[in-house]
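An overview of the molecular structure
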Amino acid sequence: MSKTKRIIECYSDKISVSNDEEINFKVHCLSEKFSISFQRIEDNLPLLDISNLEGKIQPLRKNAFLGVDWETSYTLKVPQNWKSGIYVAKVKTNKEQAYSFFTVRGTNSEIAVLASTHTWQAYNYWGNASLYSDIEGCSKSSIVSCNRPLLSKIPLAIDSMIEEKPFGKQHIMNYERMLFQWLNNQNYKYDVISDPELHTQLQYYKILVIGCHSEYWSKEMYKSLEKFLLSGGKLIYLGGNAIYWKIFTKDSFIKCDKEKQELWRKENSEAKLLGVNYTETGFKTKAPYKVLNADHWIFKNTNLKNGDLFCEDGSAWETDKTCESTPDNTLILAKGMNPDEGGAEMTYRNGVFSVGSVGFTLKLNDPITSQIVKNVFNHFLKEAIKLI
């Protein structure tokens with residue numbers, strides 16, 4: 001066995017935990033001592049900070065992208081008063097720091113926000129492989145494990161849109177941070193659920209929110225969302241390129257055979273649920289949206305008229321459009337002005353609102369964009385019913 005060369009690295013034995021539940025952190029550290037601190041991703045101040053922990057060199061096995069089995073360095077019993085959300089554990093020496101992310105479940109809200117934990121691992125190239133072939137010169141594998149540190153970097157310049165990058169190259173976390181900050185500023189109460197538990201937890205909520213880049217979905221996830229919508233649940237899709245790759249999961253492993261083009265649209269198009277699907281037109285471009293149906297209630301209190309532009313650069317990087325699988329009752333409210341008809345299509349049908357853009361959540365602080373999304377949340381909260 002060889003040793004990892006980084007000064008400090010970390011992963012946890014669980015992706016999601018409840019209050020009062022224990023979660024173990026496995027830390028490799030070349031220094032004698034390290035510290036670990038915890039915070040919700042939208043906050044700047046640590047909730048808990050533990051220093052002077054003993055460092056330990058952990059082994060790096062061959063094909064480490066298939067998981068490692070490190071010893072536990074620190075065990076956290078999640079405090080009862082920690083709210084549901086995405087949390088970051090930051091491990092640090094005097095020379096280097098690293099991050100591990102996990103979610104804390106909740107049961108007291110009407111809104112569930114999906115944490116795209118499968119997509120975190122798809123872009124994770126730790127152990128010299130990910131589900132991609134163009135990240136940091138690493139190999140492409142059809143199987144990866146969640147039991148390894150997270151070194152995630154999108155193979156685009158997408159993070160150039162982010163002014164504040166508290167989590168470095170973790171593009172999904174930086175984007176989701178903007179969504180959670182907006183939800184908190186608008187006083188919406190929400191719970192966070194991870195990808196693996198969507199099919200067991202979704203039934204307890206009125207509204208599901210999908211954020212910037214929820215790309216990798218299992219059959220259980222797809223079926224649970226389909227059932228949720230048929231039963232009267234509401235969907236707010238504030239991202240792009242979602243429900244794209246079909247995956248299979250077992251224990252800590254995620255399998256996606258891209259050589260066989262295992263795309264959801266070959267079996268059940270994502271557009272049947274979302275109203276839109278991803279296309280490559282508009283790739284790496286950004287533009288505002290143009291209003292097409294200003295009389296719709298979604299534009300209430302915005303003073304927008306047909307032809308007006310709003311949400312500057314909000315139709316960005318990877319964009320979704322309507323297609324032959326889009327339900328007939330879907331209305332196109334606005335379209336991004338990206339070149340070559342590559343703009344995201346903002347759509348609505350009964351119970352489903354989609355923006356079709358990976359970059360949309362970065363623009364939630366824009367007053368008009370914020371008002372549109374508030375209109376959707378408020379409308380859905382009034383008319384939705386809890387399934388249980």
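In every chain, residue numbers begin from 1 and rise along the written sequence. Thresholds applied to this predicted model are a pLDDT of at least 70 for local features of residues and 80 or more for the giving and counting of side-chain atom pairs; totals over whole chains, interfaces and linings are not thresholded and use all residues. With hydrogens and water excluded, all non-hydrogen atoms of the structure serve as input to the side-chain values.

Some thoughts on the overall build of the chain
Note the cut-off: Numbering of helices and strands runs from the N terminus; a helix is a DSSP stretch of H or I covering at least four residues, while a strand is a stretch of E covering at least two. To sort residues, take the accessible area from a 1.4 Å probe on protein chains only and compare it with the maximum for the residue type: under 20% means buried, over 50% means exposed, and anything in between is partly exposed. Throughout, a contact is declared for two residues whenever any of their heavy atoms are within 4.5 Å. Only the protein chains shown count as covering a residue, and every accessible area follows the Shrake-Rupley method with a 1.4 Å probe. In summary, the charge assignment counts Lys and Arg as positive and Asp and Glu as negative, without counting His or the chain termini. Lys charges are placed at NZ, Arg charges at CZ, Asp charges at CG and Glu charges at CD.
What the chain contains, in helices and strands, is six helices and 27 strands. Its C-alpha atoms give the chain principal-axis dimensions of about 65 × 45 × 40 Å. The 388 residues of the chain split such that 59% are buried. Partitioning the contacts of the chain with sequence separation of at least 6, the portion at a separation of at least 24 is 69%. When the accessible surface of the chain is summed, it comes to about 16,200 Å², and 45% of that surface belongs to carbon and sulfur atoms. Charge separation in the chain, taken as the distance between the mean sites of 48 positive and 46 negative side-chain charges, equals 2 Å.

Observations concerning the layout of surface pockets
We count it as follows: The rule is simple: put a 1 Å grid over the protein atoms alone, call a set of points where a 1.4 Å probe fits but cannot get out a cavity, call an open set with protein on both sides within 12 Å along at least five of seven lines a pocket, and count a residue as lining if it has an atom within 4 Å of a point. Grid points are joined across faces, edges and corners, and a volume is the space filled by probe spheres set on the points. Each residue is assigned to one class: nonpolar for Ala, Val, Leu, Ile, Met, Phe, Trp, Tyr, Cys and Pro, charged for Asp, Glu, Lys and Arg, and polar for all the others, Gly among them.
Roughly 490 Å³ of internal volume is contained in the largest pocket. Along the lines of polarity and charge, the residues of the lining of the largest pocket split into twelve nonpolar, twelve polar and nine charged.

Here we look at the side chain of Ser145
Applicable threshold: Under the rule applied, a polar contact is a pair of N or O atoms within 3.5 Å (in protein, one hydrogen donor and one hydrogen acceptor; residues adjacent in sequence only if both atoms are side-chain atoms).
When you line up the elements, Ser145 lands in strand S14 (residues 143–145). For Ser145, a relative accessible area of 1% puts it in the buried group. One polar contact links Ser145 to Ser252, side chain to side chain, over a distance of 3.1 Å. Among residues more than four places away in sequence, those in contact with Ser145 are Phe65, Leu66, Gly67, Gln121, Ser252 and Phe253.

Focus on the nonpolar core
Formally: As used in this record, nonpolar core signifies buried Ala, Val, Leu, Ile, Met, Phe, Trp, Tyr and Cys residues forming a set joined through side-chain atoms within 4.5 Å.
Ranked by internal contacts, the top residues of the largest apolar core, which has 52 residues, are Phe310 and Phe353. A per-element tally of this core places helix H2 (residues 171–185) first, with eight residues. For Phe353, the residues in contact, after removing those within four places along its chain, are Leu235, Ile236, Tyr237, Leu238, Ile298, Leu333, Met346, Thr347, Tyr348, Ile372, Val376 and Phe380. One finds Leu202, Leu208, Leu225 and Val276 within the second-largest nonpolar core, a separate group that totals 23 residues.

Focus on the environment of Glu312
Locating Glu312 in the fold gives a position in strand S23 (residues 309–316). Its relative accessible area of 60% is what places Glu312 among the exposed residues. Residues Glu312 and Lys290, spaced 22 residues apart in sequence, show a C-alpha to C-alpha distance of 10.0 Å. If we ignore the near neighbours within four places in the chain, the residues touching Glu312 are Ala287, Pro288 and Lys363.

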